[in-house]
Amino acid sequence: MTVSERAHELAMAAAQAAADKKAQDIVLIDVGEQLAITDVFLVASAPNERQVMAIVDAIEERLLELPEKAKPLRREGERGGRWVLLDYVDMVVHVQHTEEREFYALDRLWKDCPQLPFVDRDLVDAEAAGSAAE
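Below is a short write-up of the structure.

Calculation rules
Residues numbered from 1 in each chain as written. Predicted model: local features only at pLDDT ≥ 70, side-chain atom pairs only at ≥ 80, totals over all residues. Heavy atoms only, no water. Helix = DSSP H or I, 4+ residues; strand = E, 2+ residues; numbered from the N terminus. Buried < 20%, exposed > 50% of the residue type's maximum accessible area, 1.4 Å probe, protein only. Contact = heavy atoms within 4.5 Å. Pairing = 2+ DSSP bridges. Axes fitted to C-alpha atoms, helices over the stretch in contact; angles between N-to-C directions. Polar contact = N/O pair within 3.5 Å; in protein donor to acceptor, adjacent residues only side chain to side chain. Expected span 1.5 Å × (residues − 1).

On to the overall build of the protein chain. Secondary structure assignment for the protein chain yields 5 helices and 6 strands. Principal axes of the C-alpha set define a box for the protein chain whose edges measure 50 × 35 × 30 Å. For the protein chain, the residues scored as buried account for 44% of the 134 residues in total. Excluding contacts between residues fewer than 6 apart, the proportion of contacts in the protein chain whose partners are at least 24 apart in sequence is 63%.

Structural data, given as structure tokens:
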């Protein structure tokens, strides 16, 4: 795995922020071996433009709350809200409308790269609560 500690920290925080806003199909792709410009792609989707923007805003807010704050070097696609890209250098975030995600298929394009495991903490908490109730 080529992901730096910083990239991993950013990716996990961003993925959880996306999950908290009900992002769908969150995938973290280790592209470090293939690209010199970044370590991780975070790809997530939402069914409408408003939710895409809410996810993007939540990711930006969460990464600013980290002990070593992170601000995107670049933010693109905001106007349409169909595909927003946030470039944090160590990580590039792609939040896409569901239709764009299906059409551009970044997951398939980078399928040869390993994925970083991510589990939404709310799902873990719900499972733990369910187990405790039994």
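The subject of this paragraph is the sheet that holds strand β1 (residues 24-30). Within a sheet, neighbouring strands are paired by backbone hydrogen bonds and run either parallel or antiparallel to one another. One open sheet accounts for 6 strands, arranged β3-β4-β5-β2-β1-β6; its pairing is mixed. On the outer flanks of this sheet lie β3 (74-76) and β6 (115-116), each paired with one strand and no other. Packed onto the sheet, helix α1 (residues 5-20) meets β1, β2 (40-46), β5 (91-97) and β6 and runs at close to 175° relative to β1. On the sheet, helix α2 (residues 49-64) packs against β2, β3, β4 (83-87) and β5 and is oriented at approximately 160° with respect to β5.

This next bit is on the pairing of β5. One face of the sheet, then the other: side chains in a regular strand alternate in exactly this way. Most of β5 sits inside the fold, with 7 of its 7 residues counted as buried. Of the two faces of β5, the one holding Met91, Val93, Val95 and His97 and the one holding Val92, His94 and Gln96 are both buried throughout. Both β2 and β5 contribute to a ladder of 7 bridges, which runs parallel. Paired with serine 45 across the strands is glutamine 96, a residue of β5. As defined by bridge partners, β4 adjoins β5 across 5 bridges and the pair is classed as antiparallel. Each bridged residue has a counterpart across the sheet, and for aspartate 87 the counterpart in β5 is valine 92. The antiparallel pairing of β4 with β5 creates a hairpin that spans 3 residues between the two strands, and valine 89 there sits at a positive phi of about 70°.

With that out of the way, let us pick up the environment of aspartate 107. Among the structural elements, aspartate 107 can be located in helix α4 (residues 106-109). Between the C-alpha atom of aspartate 107 and that of histidine 8, which follows or precedes it by 99 residues, the distance is 19 Å. Setting aside residues up to four positions removed in sequence, aspartate 107 forms contacts with Val27, Val43 and Arg101.

By the secondary structure assignment, arginine 101 is in helix α3 (residues 98-104). Within the local environment of arginine 101, its side chain forms a polar contact with the side chain of serine 45, the two groups lying 3.3 Å apart. Filtering out sequence-adjacent residues up to four positions away, arginine 101 remains in contact with Gln24, Asp25, Val27, Val43, Ala44, Ser45, Gln96 and Asp107.

Compared with the 22 Å implied by 1.5 Å per residue over 16 residues, the 23 Å span of α1 between its first and last C-alpha is a close match. For α1, every residue scored as buried is listed here: Arg6, Ala7, Leu10, Ala11, Ala13, Ala14, Ala15, Gln16, Ala17, Ala18 and Ala19. Among the residues trailing α1, lysine 22 stands out with phi positive, at a value near 65°.

This is a description of form; function is not addressed.
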